[in-house]
Amino acid sequence: MEQLLLWPVFCPILAGIALLFKKEFKQRKTLLVFVGSILLVSGILAIYGIFAVEGGVTLFYLTKTLPVYFKLDMLGKFFTFVVVIVWILAGFFSFEYMKHEKNEKRYYAFYLIVFGVLIGLDFSGNLITMYLFYEFMTLTSMPLVLHNQSREAVMAALKYLFFSFAGAYMALFGVYFISRYGTTLEFTAGGVIEAGVLQQHSALFLTVTMCMLIGFGVKAGMFPLHAWLPAAHPVAPGPASAVLSGIIVKGGVLAVIRVVYQLIGVEFLRGSIVQTVWMALTLITVFMGSMLAFREPVLKKRLAYSTVSQLSYILFGLSVMQPQALTGSLLHVAAHAFIKTALFLGASAVIYRTGATRVEDLRGIGKGMPVTIWCYTIVSLGLIGIPPLSGFISKWYLATGALDSGMAVFSWLGPVTLLVSALLTAGYLLPVTMQGFFPGEGYDWKRFAGKEPSYLMLVPLLALAVLTILIGVLPNGLTEEFAAFAAQVM
């Protein structure tokens, strides 16, 4: 039964590799049917594995003591579920969007490969397997950034590769020492290094943890190594931007959670200089990302800066090391994944149908694309934190967790920063809605007439908007699971 864990990992990877070597399809429809089928089958296998498989499976050994090992825990199941939903919805959206892009077959090949790699990352049962698939995630997702092969895309892809590898090597420094001193490489609540060893080598393990936090934080867009994100996301095709911002960056978040809560342990880190520096970096990133987004006139780049800010909401909650804050962080993983994917898909639909890329050019867009802009508006309100949408619930837990932490300065500075960022979020997202539906006098009403996209684009947008509402209205199932996880790892 445990071998079922391998199918959703390698089915899309092998299908993507086969697609790379396949000659061009005579009909585009055949390509889309193949890709759609693999996405659905892999997604179903992954969800089935979440509910049906309890044990783990070893694929092979890198050395005698380093197995490539897959095993699902609550965290892996949750991240897998989010990945499957977003990847399938964005994939079907791309069936319409990619009509005007070249090299579709290559795009879909890497799209499938990255899907399998992400599931492998989520299914990872130990540190070595997670690191292996984390590196694969960088290598296989880079072609999505590079897709149109313009000079801007090439430079953005190189920046993405350089920053990601720099971060991964910082994390690898920690992998060596955890492997040397840990009792196991499997993810274990409370950590894998004995308390006596941590105290004996406290300076070493504080350094190791800081390196791993900054290293894995690169993928999550944390200051000071965040610059790749606003460079890479705008140049990628619209659906690729959506999954980069909604899902790929969460790979860094998953790795950070594993390190802090299941490898090093919060008992050692709580109250340390590492916690203080980490909290400071996350709050700087929250404010800085919101300010840069507020000042950015290009819509996709504005959304990319927004991702920098919103991801550090998650990292801030993790850095508080308090049960409610951890619950808020995990809620915001799902909320942000669905919301930011919807925002990028909405922006992509606008660009695809109108060619407009700057916010100032979208005056009256709501008159010609009402369903698209209403979906954009709903998820924007969710990201701002307007009740009863998903962003409100996650930010509530983040703020209350910080207030209850009792940490000097940060217990109030954190909530204040989140509130200021929420105001800035309203300032950079809602102008599209306001100007889109209320363009004012002298507006040419025929400019955007009849620009609503096809159902292939609208259905994913509607689904993500509905998910944003449902998580906000019915959060209890998730919060109970996350509270149980927090109690276990604390």
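All figures in this text were calculated on a predicted structure; none of them were measured in a lab.

Caption draft 1: Quick look at the packing of helix 4 (residues 104-123) against helix 10 (residues 238-248). Contact geometry for helix 4 and helix 10: axes closest at 12 Å, N-to-C directions at 10 degrees. Here helix 4 lies roughly parallel to helix 10, going by the angle between them. From helix 4, Tyr107, Tyr111, Val114 and Leu118 reach across to helix 10, where they touch Pro239, Ala240, Val243, Ile247 and Ile248. Each residue belonging to the contact of helix 4 with helix 10 can be placed in one class, and the counts come to nine nonpolar, no polar and no charged.

Caption draft 2: Molecular detail of the pairing of strand 1 (residues 56-63). As defined by bridge partners, strand 1 adjoins strand 2 (residues 66-71) across six bridges and the pair is classed as antiparallel. Paired with threonine 63 across the bridge in strand 2 is leucine 66. Remark: two residues form the turn of the hairpin made by strand 1 and strand 2, two consecutive strands paired antiparallel.

Caption draft 3: Main features of the environment of leucine 467. For leucine 467, the location among the structural elements is in helix 20 (residues 455-473). Owing to a relative accessible area of 21%, leucine 467 belongs among the partly exposed residues under this scheme. Along the backbone, leucine 467 and valine 379 are 88 residues apart, and their C-alpha atoms lie at a distance of 9.4 Å. When near neighbours in sequence (up to four residues on either side) are disregarded, leucine 467 contacts Ile85 and Phe338.

Caption draft 4: Up close: helix 2 (residues 28-52). With 25 residues, helix 2 should reach 36 Å at 1.5 Å per residue; the first-to-last C-alpha distance of 36 Å fits that figure. Looking at the buried residues of helix 2, the elements they touch are helix 1 (7-21), helix 3 (74-97) and helix 4.

Caption draft 5: Structural view of the nonpolar core. Trp87, Phe216, Val253 and Leu318 are the most contacted members of the largest nonpolar core, which totals 169 residues. Apart from the residues within four sequence positions on either side, valine 253 is in contact with Phe79, Ala220, Leu311, Ile314, Leu315, Leu318 and Val333. Counting residues in hydrophobic clusters, the runner-up holds eight residues, among them Leu283, Val320, Ala402 and Met407.

Caption draft 6: Up close: the pattern of salt bridges. Counting across every chain of the model gives five salt bridges. A salt bridge links glutamate 104 to arginine 28, with the shortest nitrogen-to-oxygen separation between them at 2.8 Å. Of this pair, glutamate 104 sits in helix 4 while arginine 28 is found in helix 2, placing the two residues 76 residues apart along the sequence. Take glutamate 104: its relative accessible area is 13%, and that puts it in the buried class. According to the relative accessible area criterion, arginine 28 is partly exposed, its value standing at 27%. Across the pair arginine 258 and aspartate 73 runs a salt bridge, and its minimum N-O distance is 2.6 Å. Residue arginine 258 is located in helix 11 (residues 250-264), and its partner aspartate 73 is located in the loop between strand 2 and helix 3; the two are separated by 185 residues in the primary sequence.

Caption draft 7: Here's a closer look at unusual backbone geometry. With omega at 10 degrees, the peptide bond leading from phenylalanine 223 into proline 224 counts as cis. Summarising the element assignment, proline 224 is placed in the loop between helix 8 (202-219) and helix 9 (228-235). Along the chain, proline 387 connects to proline 388 via a cis peptide bond; the corresponding omega equals 5 degrees. Relative to the assigned elements, proline 388 resides in the loop between helix 17 (370-384) and helix 18 (390-405). Although it is not a glycine, glutamine 149 sits at a positive phi angle of roughly 60 degrees.

Scoring rules and cut-offs
- Along each chain, residue indices are assigned from 1 in the same order as the chain's sequence is written.
- Note on the predicted model: pLDDT of at least 70 is required for a residue's local features to be given, and 80 or more for side-chain atom pairs to be given and counted; whole-chain, interface and lining totals, by contrast, use all residues.
- Side-chain descriptors were evaluated using all non-hydrogen atoms of the structure, hydrogens and water having been removed beforehand.
- Whenever a helix is involved, its axis is fitted only over the stretch in contact; in every case the axis is a line through C-alpha atoms, and angles between N-to-C directions fall within 0 to 180 degrees.
- Every helix listed is a DSSP run of H or I at least four residues long, and every strand listed is a run of E at least two residues long, numbered separately from the N terminus.
- Note on terminology: angles under 35 degrees are roughly parallel, angles over 145 are roughly antiparallel, angles of 65 to 115 are roughly perpendicular, and the others are oblique.
- Only heavy atoms enter the contact rule, under which two residues are in contact if any of them lie within 4.5 Å.
- Only Asp, Glu, Lys and Arg are considered charged in this grouping, and only Ala, Val, Leu, Ile, Met, Phe, Trp, Tyr, Cys and Pro are considered nonpolar; every other residue, Gly among them, is considered polar.
- Strand pairing is assigned whenever DSSP detects at least two bridges linking the two strands.
- Remark: exposure states derive from per-residue accessible area (1.4 Å probe, protein chains only) relative to the maximum for the residue type, with buried under 20%, exposed over 50%, and partly exposed in between.
- What a helix is expected to span follows from its residue count: subtract one and scale by 1.5 Å.
- Grouping buried Ala, Val, Leu, Ile, Met, Phe, Trp, Tyr and Cys residues that are joined through side-chain atoms within 4.5 Å yields what is termed a nonpolar core.
- Salt bridges, as used here, are contacts in which a Lys or Arg side-chain nitrogen is within 4 Å of a carboxyl oxygen on Asp or Glu.

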